[in-house]
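Residue strings, one per chain:
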There are 2 protein chains.
Amino acid sequence: MMLEKRTTDFLEELSSGAAVPGGGGASAAVGAFAAALGMMVTNLTIGKKKYADVEGEIKKIRDKLASLRDELVILTDRDAAAFEPLSKAYGLPKETEEQKEAKERIMEQALYTAGKVPMQIMETVLKVMDQLRTLGEKGSRLAVSDVGVGLLFAQAALEGASLNVFINTKMMKNRERADEMNARTEEMIAQGHRLKEEIYAGVLEKIK
Amino acid sequence: MMLEKRTTDFLEELSSGAAVPGGGGASAAVGAFAAALGMMVTNLTIGKKKYADVEGEIKKIRDKLASLRDELVILTDRDAAAFEPLSKAYGLPKETEEQKEAKERIMEQALYTAGKVPMQIMETVLKVMDQLRTLGEKGSRLAVSDVGVGLLFAQAALEGASLNVFINTKMMKNRERADEMNARTEEMIAQGHRLKEEIYAGVLEKIK
């Protein structure tokens, strides 16, 4: 897995002109950072007398965030894998009519696949934000800045992934399908904004 | 160095209840991701005929981003190092008047140090954003989504670091010094917002 490399090596590959990892995979990684920060908050809450009442709930959040984090780690790889067929499709010949048609058909499918993975990243990140909301309300107040940082990371991951939907849908010939994907993506961006607005002001109030 | 670990191990440590790494160090790491994405854009621009006119400038941007990225990798460690004296200061005894005074003095210095490093992270991230601005204008159009993702990451890193200034200045007794740090931090947040607004709309326009 890509994120099993040293971070400095991952950064080096991200910096290079190689096709992968790109902005989509990096967004999944930053989403995983957001989930990890949420987990930190749960770990700073669990076992504290002051928060004994909510301990059961916080433990469940920890478990959920752990699996969301691990999903996002896997999605970093999946994003790279989804880019490969697209990268190959670009290189297909288009000299004869038959080749042109085949290339167009293969490109269309590859664009769809390459756009679908960042949508999955967005869905997963929204679930992370949902857990962060509860942590902002019920988690240890001493760790509220980490809820805030997690939120900021999640929003960047969400919108970063969205850009990687749009670059693919833009080139799709099947506009109906592209429009559907774009609409769902815009909806998720709006949902993220709402969630952030709901939580971030409260977090800032506790910090400043 | 922390980021010389596997990313999955870094995520595991971030998830734990251990004192470091925390939100400040994670912000530096996400800032390094932003710089790496900018470098990717330079590497996809350099050597392309279409961009031959700006090649010299783009190469300079690559060099600048490489050193900013490496600086941010180091700042992840520096943030952890700055937290250590604070963590120790909390544990100091305060039974006698003398001990109380000593603890207060040491705490004050430790809070200052712990607040200063995230300010350095912010300054470095703003420099990354500045380079991304030029890349959005002059870099390969094919990689403009990566400029966008870089910007989103940079803004999250900038604001994430700011929260780690505020949690420290909040507890400082020297309010004059705390207010100065807060004012500079707010100024940097505003600068980041301006930079993002200037660039992001143009990026989106090219993508959608």
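To be clear, the structure that these remarks concern was listed above.
Treat the numbers as computed from the prediction; the structure is a model and nothing was measured. (Residues numbered from 1 in each chain as written. Chains lettered and ligands numbered in written order. Predicted model: local features only at pLDDT ≥ 70, side-chain atom pairs only at ≥ 80, totals over all residues. Heavy atoms only, no water.)

Quick look at the overall build of chain A
Looking only at helices and strands, one finds six helices and zero strands in chain A. Mapped from its N terminus to its C terminus, chain A presents α and β elements in the order α-α-α-α-α-α. By its C-alpha atoms, chain A is 75 × 35 × 30 Å across when sized along the principal axes. Long-range contacts, defined as pairs at least 24 residues apart, comprise 77% of the intrachain contacts of chain A with a sequence gap of at least 6. Accessible surface, chain A as shown: approximately 9,200 Å² in total, 50% of it carbon and sulfur. (Helix = DSSP H or I, 4+ residues; strand = E, 2+ residues; numbered from the N terminus. Contact = heavy atoms within 4.5 Å. Areas by Shrake-Rupley, 256 points an atom, 1.4 Å probe, with all protein chains shown as cover.)

Things to note about the relation of the copies chain A and chain B
Structural alignment of chain A on chain B gives an RMSD of 0.0 Å, achieved by rotating through 180° and translating 0.0 Å along the axis. Taken together, the rotation and translation relating the two chain copies correspond to the operation of a two-fold axis. When C-alpha distances to the rotation axis are compared across chain A, the minimum falls at Arg6(A), with a value of 1.9 Å. Mapped onto chain B, 100% of the interface residues of chain A are again interface residues, and the two copies thus contact each other with one and the same surface. (Least-squares fit on C-alpha atoms with pLDDT ≥ 70 in both.)

Thoughts on the packing of aromatic side chains
The final tally for this structure, using the stated rule, is three aromatic pairs over all chains. With a centroid separation of 5.7 Å and 40° between ring planes, the pair formed by Phe33(A) and Phe10(B) is classed as tilted. With one member in each of two chains, Phe33(A) in helix α2 (residues 23-45) and Phe10(B) in helix α1 (residues 7-15) form a pair that bridges those chains. Above the face of the Phe166(B) ring, Lys208(A) is positioned so that its terminal group lies 4.9 Å from the ring centre. (Phe/Tyr/Trp six-rings, centres within 6.5 Å; stacked < 30°, edge-to-face > 60°. Lys NZ or Arg CZ within 6 Å of the ring centre and 35° of its normal.)

A closer look at the interface of chain A and chain B
Listed by partner, the interface residues are 50 residues for chain A and 50 residues for chain B. For the pair chain A and chain B, the two sides together bury roughly 4,400 Å², of which 68% comes from carbon and sulfur. Along the contact surface separating chain A from chain B lie four salt bridges. A salt bridge links Glu186(B) to Lys208(A); the shortest N-O distance between them is 2.8 Å. Counting across the interface, chain A meets chain B through 21 residue pairs in polar contact (both at pLDDT 80 or more). (Buried area = accessible area lost by both parts, 1.4 Å probe. Salt bridge = Lys/Arg side-chain N within 4 Å of Asp/Glu carboxyl O. Polar contact = N/O pair within 3.5 Å; in protein donor to acceptor, adjacent residues only side chain to side chain.)

As for the pattern of salt bridges
Proximity of charged atoms lets side chains of opposite charge pair with each other. Evaluation of the coordinates by the stated rule reveals 26 salt bridges over all chains. Put simply, Glu97(A) and Lys100(A) hold a salt bridge, and the shortest N to O gap is 3.8 Å. Taken together, the residues span about one helical turn, with Glu97(A) and Lys100(A) both in helix α4 (residues 97-138) at a distance of three residues. Classification of Lys100(A) by relative accessible area gives partly exposed; the value is 41%. Lys138(B) is the partner of Glu57(B) in a salt bridge, and the nearest nitrogen-oxygen pair spans 3.0 Å. Within this pair, whereas Glu57(B) is found in helix α3 (residues 55-90), its partner Lys138(B) is found in helix α4 (residues 97-138), the two being separated by 81 residues in sequence. Here the salt bridges do not stand alone but share partners, grouping Glu12(A), Arg69(B) and Asp70(B) into one network. (Buried < 20%, exposed > 50% of the residue type's maximum accessible area, 1.4 Å probe, protein only.)

Some words on the packing of α2(A) against helix α5 (residues 144-169) of chain A
All names here are of chain A. Where α2 meets α5, the axes come as close as 8 Å, and the angle between the chain directions of the two elements is 160°. As the angle between them shows, α2 and α5 are arranged roughly antiparallel. For the pair α2 and α5, the sense of crossing is left-handed. Taken together, the residues of α5 that come into contact with α2 (itself represented by Gly 23, Gly 24, Ser 27, Val 30, Gly 31, Phe 33, Ala 34, Leu 37, Met 40 and Val 41) are Asp 146, Val 147, Val 149, Gly 150, Phe 153, Ala 154, Ala 157, Gly 160, Ala 161 and Asn 164. (Axes fitted to C-alpha atoms, helices over the stretch in contact; angles between N-to-C directions. Parallel < 35°, antiparallel > 145°, perpendicular 65-115°, else oblique. Left-handed = near helix turned anticlockwise from the far one by under 90°.)

Looking at the environment of Ile61(A)
Residue and element names in this part refer to chain A. One can find Ile 61 in helix α3 (residues 55-90). Linking Ile 61 and Met 39, residues 22 residues apart in sequence, is a C-alpha distance of 7.9 Å. Contacts of Ile 61, omitting those with residues within four sequence positions, involve Thr 42, Gln 131, Thr 134 and Leu 135.

Digging into the packing of α5(A) against helix α6 (residues 175-207) of chain B
Where α5(A) contacts α6(B), the axes come no closer than 9 Å and their chain directions differ by 30°. For the element pair α5(A) / α6(B), the angle class is roughly parallel. Here Glu159(A), Leu163(A), Phe166(A) and Ile167(A) of α5(A) lie close against α6(B), whose contacting residues are Tyr200(B), Leu204(B) and Ile207(B). Split by residue class, the contact of α5(A) with α6(B) holds six nonpolar, no polar and one charged. (Nonpolar A, V, L, I, M, F, W, Y, C, P; charged D, E, K, R; others polar.)

Shape is all these values report; function is a separate question.
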